[in-house]
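# Geometric and topological summary
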Amino acid sequence: MAFASVKLAGPALAAPPPLRLSGAWRQGGFAFGHTVPRADVWLDDEAVGRAGPTGLFVVGFDRDAAATATLRVASAGGSVSHVFDLVPGDFDIQRISGLPEDQVSPSDPALLARLKQQNELKLAALASRIDTEDFRHGFAMPLPARSWRQSARFGGQRILNGEPKRPHYGADLAAPTGTAILAPAGGIVSMASTGMHFEGGLTMIDHGQGLVSIYLHQSKILVTAGQRVERGTKIGEVGMTGRATGPHLCWRMTWRGRHLDPTLLVGQTAPV
Ligand SMILES: [Zn+2]
């Protein structure tokens, strides 16, 4: 009963939980928080889980998040809340033409059935909720230094073969096929599949608290679902499988259904 002492804090000790924060307060951004272990966390009145065993938690702000976010943390002693202004994102327009039509607006019934199946696999992997604090030391870039250049930023409005489509939720890192992809932080692999129609070779890693990082278009996958990885573990190799016009890693990050800019998490550590 390691946490019994916290639960037994009597009325004389009752006080709102301490709360320290770090992060990027913007659309596509995030915040790391430190409070009491297992405190309940709400974002904009949605219960978003509990702080980890040392009191750490993470919340994310979608690409299209509203201009303000309200964060509330509650423990036995009371609750504390903060309202934050989020900096609006500055997103590009990305036009890509000459894509095969089944990569833009698929209509073949057999392909649609396969896409539905693949979507269910992705949703299950994104719903992974491992109880770890692997995000606490922040993230490294997932490709070796000097092996890549950023070819598209997170959040661009996409126009594919002339049709406006969903925004681009990844940071595209152009690199030669075969370049090593390295886990940017520890975690548990929640998906590792080849042959996805849009994503090609696709891996997802759960870093705890609903924070899942995603790697698309791989030529090679070197991990399996359920496997533990550490920062720097080689998880696969860059390729151009799926919908890709050249070899690159499309690196994505989600937190409980919100699309985050993964590059904003690089080098940011949780408060202690
Ligand atoms: Zn991409």
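Quick caveat: nothing in here was measured; it's all calculated off a predicted structure. (Residues numbered from 1 in each chain as written. Predicted model: local features only at pLDDT ≥ 70, side-chain atom pairs only at ≥ 80, totals over all residues.)

Okay, the nonpolar core next. Formed by 59 residues in total, the largest nonpolar core has its most connected members in Phe-30, Val-41, Val-58, Val-59, Leu-173, Tyr-215 and Leu-249. Domain assignment of the residues forming this core places at least three in each of domain 1 (4-85) and domain 2 (99-265). Once residues lying within four places of it in the same chain are set aside, the contact partners of Phe-30 are Gly-23, Ala-24, Val-58, Val-59, Gly-60, Phe-61, Trp-255, Leu-260, Leu-264 and Leu-265. (Core = buried A, V, L, I, M, F, W, Y, C linked by C-beta atoms within 7 Å. Buried ≥ 20, exposed ≤ 12 C-beta atoms within 10 Å, placed from the backbone. Domains from an automatic or database assignment. Contact = placed C-beta atoms within 7 Å.)

It is worth spelling out the environment of Ala-113 at this point. Within the fold, Ala-113 resides in helix α2 (residues 109-126). With 10 C-beta atoms counted inside 10 Å, the residue Ala-113 sits in the exposed group. On a C-alpha basis, the gap between Ala-113 and Pro-142 in space is 32 Å, while along the polypeptide they are 29 residues apart. (Helix = DSSP H or I, 4+ residues; strand = E, 2+ residues; numbered from the N terminus.)

Next up on the list: the confidence of the model for the protein chain. When pLDDT is averaged across the protein chain, the result is 92; 95% of the residues are at 70 or more. The low-confidence segment residues 1-12, where pLDDT is below 50, has 8 contacts with residues more than four positions distant or belonging to other chains. (pLDDT = per-residue confidence, 0-100.)

As a further point, take the environment of Ile-159. With respect to the secondary-structure elements, Ile-159 resides in strand β10 (residues 157-160). Separated by 64 residues in the primary sequence, Ile-159 and Arg-95 have C-alpha atoms spaced 4.7 Å apart. Each residue touching Ile-159, except ones within four places of it in the same chain, is listed here: Ile-93, Arg-95 and Pro-164.

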